[in-house]
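Analysis of the macromolecular model
One letter stands for each residue in the lines below.
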Amino acid sequence: KNEVEQSPQNLTAQEGEFITINCSYSVGISALHWLQQHPGGGIVSLFMLSSGKKKHGRLIATINIQEKHSSLHITASHPRDSAVYICAVTGNQFYFGTGTSLTVIP
Amino acid sequence: DVKVTQSSRYLVKRTGEKVFLECVQDMDHENMFWYRQDPGLGLRLIYFSYDVKMKEKGDIPEGYSVSREKKERFSLILESASTNQTSMYLCASGPSGGGNQPQHFGDGTRLSIL
């Protein structure tokens, strides 16, 4: 049983497209995290949120606590956005989704 | 800037060897974590530590041990490496405060056991 489910698993988009990645979770949480992993392995934290919406540049993250669902949006996508995006939630421990592999084609 | 440093990016070892993976953080974080990442399975927690000389098992501790003698350093030890331990290993650190604090990750060590 996966506490965190992401969709889609793989996503290919043309440069400039609007992209949405979804995350659903089944446990009680104190926060939800969106992480980005580039080829080569390093992971960086993009957002941590417990309610509402956050925006950073072309990235927007939203969370609906009642529905246990979060979305990560990328506006005007660019090839450098190509990476694996991982949703993680924290309750009494960290739970990770399996990631969404995004490829943005020029 | 925040920095978590893993000693090796790539490592190749033989079955039965004792393998040490080192992780150092410069943020004075209380919490440190070791994960492995496998295709289709995401990140899985092996061990974590919330203080010097303290350790807690994660979801998949079998075949691994850890050491935290100093606050900034957290070592993962494969006592007798096996081929099913071929994986990407990621270290992370974070301040006390649990889930309301982001974790900071190293660049990962891709370990191959032959």
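The preceding data block contains the structure.
Note that the coordinates shown come from a computational prediction; the quantities given were computed from them, not determined experimentally.

Structural notes on empty space enclosed by the protein
In total, this model carries one cavity of 30 Å³ or more according to the counting rule given. Taken together, His33(A), Leu35(A), Ser45(A), Phe94(A), Pro102(B), Gln103(B) and Phe105(B) make up the lining of the largest cavity.

Brief notes about the interface of chain B and chain A
Each side of the interface is counted separately: chain B has 18 residues, and chain A has 18 residues. When the two sides are added together, the surface that chain B and chain A hide from each other amounts to roughly 1400 Å², 58% of it contributed by carbon and sulfur. Where chain B packs against chain A, one counts zero salt bridges. Mapped onto the side of chain B that touches chain A, the elements with two or more residues apiece are strand S4 (31-38), strand S5 (42-49) and strand S9 (87-94) of chain B. Per-class residue counts for the side of chain B that touches chain A are seven nonpolar, eight polar and three charged.

Comments concerning the pattern of salt bridges
Residues and elements named next belong to chain B. Under the defined criterion, the tally for this structure stands at eight salt bridges over all chains. For Glu69, the salt bridge goes to Lys53, with nearest N and O atoms at 2.4 Å. Of this pair, Glu69 sits in strand S7 (residues 64-70) while Lys53 sits in the loop between S5 and strand S6 (56-57), placing them 16 residues apart in sequence. As far as the burial class goes, Glu69 and Lys53 line up, both exposed.

Considerations on the sheet that holds strand S3 (residues 19-25) of chain B
Residues and elements named next belong to chain B. Judged by pairing direction, the sheet is antiparallel, and its four strands sit side by side in the order S1-S3-S8-S7 without closing on themselves. Only two strands of the sheet have a single partner each, and these edge strands are strand S1 (4-6) and S7. On average, each strand axis in the sheet is tilted by 20° relative to the strand beside it, whichever way the strands run. Examined bridge by bridge, S1 and S3 share three bridges and lie antiparallel to one another.

Side note on the pairing of strand S5 (residues 43-49) of chain A
Residue and element names in this part refer to chain A. By the bridge criterion, six bridges tie strand S4 (residues 31-37) to S5 in an arrangement that is antiparallel. Within S5, the position partnered with Gln37 by the bridge is Ile43. In textbook terms, the turn of a hairpin is the stretch between consecutive antiparallel strands, and for S4 and S5 this stretch comprises five residues, one of which, Gly40, has a positive phi near 105°.

Observations concerning the state of the cysteines
In total, this model carries two disulfides over all chains according to the counting rule given. Disulfide pairing is shown between Cys23(A) and Cys87(A); the S-S distance is 2.0 Å. Taking the sign of the S-S torsion, about -65° here, the bridge from Cys23(A) to Cys87(A) comes out left-handed. Here Cys23(A) is found in strand S3 (residues 19-25), whereas its partner Cys87(A) is found in strand S9 (residues 83-90), with 64 residues between them in sequence. Assessed through its relative accessible area of 0%, Cys87(A) is described here as buried. Each sulfur of the disulfide joining Cys23(B) and Cys91(B) lies 1.9 Å from the other. A torsion of -75° about the S-S bond marks the disulfide between Cys23(B) and Cys91(B) as left-handed.

Observations concerning the packing of aromatic side chains
Applying the stated criterion across every chain yields a total of seven aromatic pairs over all chains. On the basis of an interplanar angle of 20° and a centroid distance of 5.8 Å, the ring pair of Phe94(A) and Phe96(A) is categorised as stacked. Residue classification places Phe94(A) among the buried residues on the basis of a relative accessible area of 14%. Among the residues examined, Phe96(A) registers a relative accessible area of 11% and is labelled buried. Three or more aromatic residues joined by ring pairs make a cluster, and in this case those are Phe94(A), Phe96(A), Phe33(B), Tyr35(B), Phe48(B) and Phe105(B).

Quick notes on the environment of Ile21(A)
Residues and elements named next belong to chain A. Relative to the assigned elements, Ile21 resides in strand S3. The spatial distance from the C-alpha of Ile21 to the C-alpha of Ala61 is 9.6 Å, given a sequence separation of 40 residues. In this structure, Ile21 is in contact with Gln6, Ser7, Leu11, Trp34, Ser70, Ser71, Leu72, Tyr85 and Thr100, ignoring residues within four places of it in sequence.

Procedures and definitions
Residues numbered from 1 in each chain as written. Chains lettered and ligands numbered in written order. Predicted model: local features only at pLDDT ≥ 70, side-chain atom pairs only at ≥ 80, totals over all residues. Heavy atoms only, no water. 1 Å grid on protein atoms, 1.4 Å probe; cavity = no way out; pocket = protein on both sides within 12 Å on 5 of 7 lines; lining within 4 Å. Points joined across faces, edges and corners; volume = space filled by probe spheres on them. Contact = heavy atoms within 4.5 Å. Buried area = accessible area lost by both parts, 1.4 Å probe. Salt bridge = Lys/Arg side-chain N within 4 Å of Asp/Glu carboxyl O. Helix = DSSP H or I, 4+ residues; strand = E, 2+ residues; numbered from the N terminus. Nonpolar A, V, L, I, M, F, W, Y, C, P; charged D, E, K, R; others polar. Buried < 20%, exposed > 50% of the residue type's maximum accessible area, 1.4 Å probe, protein only. Pairing = 2+ DSSP bridges. Axes fitted to C-alpha atoms, helices over the stretch in contact; angles between N-to-C directions. Disulfide = S-S within 2.5 Å. Phe/Tyr/Trp six-rings, centres within 6.5 Å; stacked < 30°, edge-to-face > 60°.

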